Amino acid sequence: PEEFLSSEVTVNRQQQSTDNNSQYRDTRMTHSTYIKLSLLLILIILPALPAKAQRLVYEKSDSIEIVTLLKNAPPQLRSAEYVIHFAKALAGKPYHAHTLDKTTTENLVVNMRGLDCCTFVEVVTALTLCREKNSVSFADFCNNLRKIRYLDGEVAYHKRKHYFTTWAKSNVADGLLIEVPVGNACTLNVKHKTVSLNYMSRHTEAYKMLSGNAQRI
C-alpha cells in the first residue's frame, strides 16, 4: 500500500541519517583518538631526547672530516694508540683561538677548520672514545664531545670546563680519562703546583661571553 511504502521510505531515510551520524561520530572518534595517542607519544619520546641536542653548531665539512677520520682509523687499537693516531692525523691544523665564543649564547661547537690547545685535546679524546666502541657516527662524536667539554654534559657557559685542572679532574671522575699515578715513567718530571682558578673572573674584559654578563661569573 502507498501508506506502507511512504512509511518504509521514511524509516529508511531515518536509518540512513542515523548511520551517517554514526559514521561521523566514528570518524570524529578516530581523529580524537589519533590526536590523543600522538600527544601521548610525544610525551613519552621527549624525555628520551638528548639534552641540549638542539644547540649544535658545525659545518658540513666538519661532520665529513670527523666521519672520515673514524672510518679510516685502524681497527682494534688500544686507547693510547688511538690517541696518538688521531693526534698525528690532526697535526698541522691551523691554530684558531676563541672558536667556542663566537656568539652570545653557548653552543656545542664542532670546528675542524681550526683548533686551539684545548679543542685539539677534546677532539682527539672524543674520536678515541668513538673508536673504542667501534662507532663511526658523527652523533656519537658530538655526544662524547658534549660530555668531555661540559660539566654534567650540560651545554651552558658556566658549565664549560674552562680551566684544564677542572677539565682533567671531572673527566677522570666521569670515567672518560684515567689519571696516570705519580711514580709512573710518564710522570718522572711532574711537579706539583698550587694554582688559583680565578683568572677569568678577574679579567672579564678579556672574555666576550663574560663582559657585561655578571650572572655568568
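Look up a bit, the structure's there.
First, a word on what this report is: a plain description of the structure on this page. (Residues numbered from 1 in each chain as written. Predicted model: local features only at pLDDT ≥ 70, side-chain atom pairs only at ≥ 80, totals over all residues. Heavy atoms only, no water.)

Side note on the overall build of the chain
Under the convention used in this document: Helix and strand assignments follow DSSP, with helices taken as H or I runs no shorter than four residues and strands as E runs no shorter than two, numbered in order from the N terminus. Classification of residues uses two cut-offs on accessible area relative to the type maximum, computed with a 1.4 Å probe and protein chains only: under 20% is buried, over 50% is exposed, and between them is partly exposed. It only takes one pair of heavy atoms within 4.5 Å for two residues to be counted as in contact. The protein chains shown are the only cover counted for residues, whose accessible areas, like all others here, come from Shrake-Rupley with a 1.4 Å probe.
When helices and strands are tallied, the chain shows seven helices and two strands. Shown N-terminal to C-terminal, the secondary structure of the chain runs as helices and strands in the order α-β-α-α-β-α-α-α-α. Scored against the burial criterion, the 217 residues of the chain give a buried share of 27%. Once local pairs closer than 6 in sequence are excluded, the contacts in the chain between residues at least 24 apart make up 57%. Summed over its atoms, the accessible surface of the chain is roughly 15,100 Å², and 57% of this surface lies on carbon and sulfur atoms.

Some remarks on unusual backbone geometry
One non-glycine residue, Q76, lies in the positive phi region at around 60°. Looking at where Q76 falls in the secondary structure, it is placed in the loop between α2 (60-72) and α3 (79-90). A positive phi angle, close to 60°, is found at D152, a residue other than glycine. Positionally, D152 belongs in the loop between α5 (138-149) and α6 (164-173). Given the relative accessible area of 67%, D152 is considered exposed.

Remarks on the packing of aromatic side chains
Stated precisely, the cut-off is as follows: Here is the rule: rings of Phe, Tyr and Trp (six-membered ring for Trp) pair when centre to centre is within 6.5 Å. Planes less than 30 degrees apart are stacked, more than 60 are edge-to-face, and the remainder are tilted.
According to the stated counting rule, one finds four aromatic pairs in the structure shown. Ring centres 6.0 Å apart and planes at 15° place the aromatic pair Y82 and F86 in the stacked group. With a gap of four residues between them, Y82 and F86 both fall in helix α3, about one helical turn apart. Under the relative-accessibility criterion, F86 is labelled buried at 0%. Ring geometry for F138 against F141: centres 6.3 Å apart, planes inclined by 15°, an arrangement best described as stacked. Of the two residues, F138 and F141 both sit in helix α5, three residues apart, roughly one turn of that helix.

Some points on the packing of α3 against helix α4 (residues 117-132)
Basically, it comes down to this: Note on method: axes are straight lines fitted to C-alpha atoms, helices fitted across the in-contact stretch only, with angles between N-to-C directions ranging 0 to 180 degrees. Geometric relationships in this document are graded by angle, where less than 35 degrees denotes roughly parallel, more than 145 denotes roughly antiparallel, 65 to 115 denotes roughly perpendicular, and other angles denote oblique. Two helices that cross are described as forming a left-handed crossing if the nearer one is turned anticlockwise from the farther one by less than a right angle, and a right-handed crossing if clockwise. Any residue outside Ala, Val, Leu, Ile, Met, Phe, Trp, Tyr, Cys, Pro, Asp, Glu, Lys and Arg is labelled polar, Gly included; the first ten of those are nonpolar and the last four are charged.
For the pair α3 and α4, the least separation of the axes is 9 Å and the interaxial angle reads 130°. By the angle between their directions, the pair α3 and α4 is classed as oblique. Between α3 and α4 lies a crossing whose hand is right-handed. Facing α3, whose interface residues are S79, Y82, V83, F86, A87 and L90, α4 presents F120, V123, V124, L127, T128, R131 and E132. Class assignment of the residues belonging to the contact of α3 with α4 gives a composition of nine nonpolar, two polar and two charged.

Quick word on the nonpolar core
Stated precisely, the cut-off is as follows: We define the nonpolar core as a collection of buried residues of types Ala, Val, Leu, Ile, Met, Phe, Trp, Tyr and Cys that are connected through side-chain atoms lying within 4.5 Å of one another.
If you look at the biggest cluster of nonpolar residues, it comprises 25 residues, and the most contacted ones within it are F86, L127 and F141. Those elements that place two or more of their residues in this core are α2, α3, α4 and α5. If one sorts the elements of this core by residue count, α4 sits on top with six residues. What F141 contacts, discounting residues up to four positions off in sequence, is I66, V110, V123, A126, L127 and C130. By size, the runner-up hydrophobic cluster in this structure holds five residues, among which are M200, Y207, M209 and L210.

Everything listed is a geometric property; what it means functionally is a separate question.
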